[in-house]
Amino acid sequence: MSSPRRSPRRQPRAEAARPAPGRAAAPPAAAEPARCAPALRPPSRRGPAAAWPGRMLNVTPPAFPAPGSQQRAAAGARSKVPLKPGRSLMDWIRLTKSGKDLTGLKGRLIEVTEDELSKHNKKEDCWICIRGFVYNVTPYMEYHPGGEDELMKAAGTDGTDLFDQVHRWVNYESMLKECLVGRMAVKPIAAPKEISSAVSEDKKQLNGVLPEKKVLASSAKDLGPSYDWFQTDSLVTIVIYTKQKDMNAELVIVDCQDKRLRGEIIIDDHSYLVEVDLDHAVSEDVAVNIAEKVGKVEIILSKKDNIHWKMLGQPREGHNTFVKRTDRGLFYRKCKLVSKTEVTHDTRLFCLMLPKGTHLHVPTGQHVYLKQIIAGTEVVKPYTPVLPFLPLDFQEPPRHNGVHIYLMIKIYSRGLFTQALDHLQIGDYIFVSNPEGNFKKSQVQTSEDLILLAGGTGFTPMVKLLNFALTEVSCLRTVKLIFFNKTEDDILWRNQLEQLALKDERFEVQFILSQPTKDWVGRQGKISSSLLSELVKRSRKDSKVLICICGPSPFTEQGVQYLKDLGYSQEEIHAFTA
């Protein structure tokens, strides 16, 4: 919906680091592990557990895989399948709490050989190994949002890699707790020579298998970051030498609460962690200084008492390691709900305030996970933060200062997670994870045409992307949003988008409805090859184009395939995934 009124092209300004864009949630929920005694914990994402004496009954089950989530809908992604009546997340939770024997072993835990595991490879008898632990997923088949076929891909085998590709964030340990058969009988292997001397005795007891991150941390030692610290009478400064150019605030995450300091540096697909229990108390105010050109990061803490520290503190697990981000696991902090605003009849804009002592800026196109306790179960779902509104004057919103995270969330009448969100009161708390995602702003910075395909709340990752493109990318000739909805009432921020089209000559928005009223004079229909062939075009024959797409799984999957059929390459298409 372009306008004859045009404004001159604005010059890009320097980027200000801040919390970021958005996308709404996935279908059925999943969960992050509940806390329990170390000896009773199932395997963490860092490696096998050292022991499992007795039955692990201290964790409550949340939702294992949400493969139908729109964030997973990339080319080749798995789709959600319709579940039979009585097979919802709540129905699964009730079943796991019923006391019924879901393993077929009457409460016994066994060691499982590879040969024994391979025998259980049928729908009526399906065992799967994840990170060294074996689960009988037969009773879960009909409850799995991705369908039985998805589970069967790992039947009778080690499904860890497949699991990590699809939904690393899901709390399978808790979800399948009552399905635990036992632990794999793993043959001991020798530790790599270069780190064998540094391995403690307790680590050697993990079936002879060293956690992968330890190997990586050692082998990458010379290339990876390092840290040091110094103090004055009133301050403690932790200095992290990343050895990377172009370090910025979005790549630094700091949490300092209750004498626990956690500083994480993101370097491409790796993560460097400094995590200690501080020697003495510090104030809630934490400062972060970044020397971008040399890659030096300073975390500055204010002492509560002007005393000399003999040491920085006691290191926690994972301290001073440099590992793949997928091996790090998720970290959550408690955020307070400070406002909730109606956007449409079924969509709300939630404003969450980060705790003091937290430095967190969600990069453009990346998402966070929200975690809630529902019916005694930890349930997790992904959302991508948005701006509080579309800045029409191309100035940063005054409240968008790194303190607040905004989430635009559709409330589903039968949605277990979103209904719980909607019932939160101002002042209530919810857990928010570190950012995740693989979108790179450089994809936009090297493009001449940016085309955004959004279905419903799939619009939300486009919010900050629009702001970034129109304010900071001078090489873009056209920015076009093709926005699919059912009805006019479903269109998010319609007035703001129309005003933005009037403000910037490069921007055009096209609304398409699948269930319009007779008064609708705009386009109607659903995403299709013919429609995309008409609306998705390069401004010039050889111009560089980036097409971003997000929406419900079928919308995204079909859209990606249509675009490929029209001749667009994989490099020219980005489907937002989690």
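All figures in this text were calculated on a predicted structure; none of them were measured in a lab. (Residues numbered from 1 in each chain as written. Predicted model: local features only at pLDDT ≥ 70, side-chain atom pairs only at ≥ 80, totals over all residues. Heavy atoms only, no water.)

Colleague: Describe in detail the overall build of the protein, supporting the description with residues and values.
Modeller: Within the protein, the regular secondary structure consists of 15 helices and 27 strands. Out of the 578 residues belonging to the protein, those deemed buried represent 55%. Within the protein, counting contacts between residues at least 6 apart in sequence, those at least 24 apart form 75% of the total. By element, 50% of the accessible surface of the protein is carried by carbon and sulfur atoms, the whole surface being about 25,200 Å². (Helix = DSSP H or I, 4+ residues; strand = E, 2+ residues; numbered from the N terminus. Buried < 20%, exposed > 50% of the residue type's maximum accessible area, 1.4 Å probe, protein only. Contact = heavy atoms within 4.5 Å. Areas by Shrake-Rupley, 256 points an atom, 1.4 Å probe, with all protein chains shown as cover.)

Colleague: Any details on the pattern of salt bridges? Residues and values, ideally.
Modeller: A complete count under the given rule lists 26 salt bridges for this structure. The shortest N-O distance in the salt bridge between Asp277 and Arg316 comes to 2.9 Å. Here Asp277, found in strand β10 (residues 270–278), pairs with Arg316, found in the loop between β13 (313–315) and β14 (321–324); they are 39 residues apart in sequence, far enough to count as distant. Glu498 is the salt-bridge partner of Arg494, the closest N and O atoms lying 3.2 Å from each other. Of the two residues, Arg494 and Glu498 both sit in helix α13 (residues 494–503), four residues apart, roughly one turn of that helix. Connected through salt bridges with shared partners, the residues Arg260, Arg262, Glu264, Glu275, Asp277 and Arg316 form a single ionic network. (Salt bridge = Lys/Arg side-chain N within 4 Å of Asp/Glu carboxyl O.)

Colleague: Run through the packing of aromatic side chains, naming residues and quoting values.
Modeller: The geometry of an aromatic ring pair comes down to the distance between the two centres and the angle between the two planes. As enumerated under the stated definition, the model contains eight aromatic pairs in all. The residue whose ring lies beneath Lys334 is Tyr429, and the NZ or CZ to ring-centre distance is 4.8 Å. For the cation-ring pair, Lys371 lies above Tyr332, with the distance from its terminal atom to the ring centre recorded as 4.3 Å. (Phe/Tyr/Trp six-rings, centres within 6.5 Å; stacked < 30°, edge-to-face > 60°. Lys NZ or Arg CZ within 6 Å of the ring centre and 35° of its normal.)

Colleague: Could you give an account of the confidence of the model for the protein, with specific residues and numbers?
Modeller: On average, residues of the protein score 80 in pLDDT, and 77% of them reach the 70 mark or higher. In this model, residues 190–221 is a region of pLDDT below 50 whose contacts with residues beyond four sequence positions or in other chains number 42 contacts. (pLDDT = per-residue confidence, 0-100.)

Colleague: Run through unusual backbone geometry, naming residues and quoting values.
Modeller: Not every positive phi belongs to a glycine, and Arg131 is a case in point at roughly 50 degrees. For Arg131, the location among the structural elements is in the loop between β3 (125–130) and β4 (133–136). A relative accessible area of 11% means that Arg131 is categorised as buried. Phi at Trp493 is positive, roughly 50 degrees, even though this residue is not glycine. Tracing the sequence through the fold places Trp493 in the loop between β23 (478–485) and α13. Overall, the relative accessible area of 10% leaves Trp493 in the buried class.

Colleague: Describe the pairing of strand β19 (residues 377–383), and please don't skip the residues or the numbers.
Modeller: The two faces of a sheet get side chains in turn, since along a regular strand they alternate between them. Counting buried positions over the seven residues of β19 gives seven, a clear majority of the element. Side chains Thr377, Val379, Lys381 and Tyr383 project from β19 onto one buried face, and the interleaved Glu378, Val380 and Pro382 project onto a second face that is buried too. Summarising the sheet, strand β18 (residues 368–374) and β19 pair through seven bridges and their orientation is antiparallel. When the sheet's bridge partners are listed, Lys371 is paired in β19 with Val380. Counted between consecutive antiparallel strands, the loop separating β18 from β19 contains two residues, among which Ala375 sits at a positive phi close to 55 degrees. (Pairing = 2+ DSSP bridges.)

Colleague: Quick one: what's the story with helix α15 (residues 553–565), residue by residue and with numbers?
Modeller: Between its first and last C-alpha, α15 extends 18 Å over 13 residues, near the 18 Å set by a 1.5 Å rise per residue. When α15 is considered as a whole, its buried residues turn out to be Ser553, Phe555, Thr556, Glu557, Gly559, Val560 and Leu563. Check the buried side of α15 and you find it contacts β22 (449–455), β23, α14 (529–535), β26 (545–550) and β27 (573–575). Just downstream of α15 lies Gly567, where phi reads positive at about 100 degrees. (Expected span 1.5 Å × (residues − 1).)

Colleague: Talk me through the environment of Trp229; I want residue IDs and the actual numbers.
Modeller: As for its position among the elements, Trp229 is in strand β6 (residues 226–231). Classification of Trp229 by relative accessible area gives partly exposed; the value is 22%. It is 9.3 Å that separates the C-alpha atoms of Trp229 and Met311, two residues lying 82 residues apart in sequence. Those residues within four positions of Trp229 in sequence are excluded, and the remaining contacts are Val236, Thr237, Ile238, Trp309, Met311 and Leu312.

Colleague: For the pairing of strand β9 (residues 260–267), give the residues involved together with the corresponding values.
Modeller: The element β9 is largely enclosed, with a buried count of seven among its eight residues. With antiparallel pairing between neighbouring strands as the criterion, strand β8 (residues 252–257) and β9 make up a hairpin whose turn holds two residues, including Asp258 at a positive phi of roughly 55 degrees. Linking β9 to β10, which pair antiparallel, is a turn of two residues; within it Asp268 sits at a positive phi near 55 degrees.

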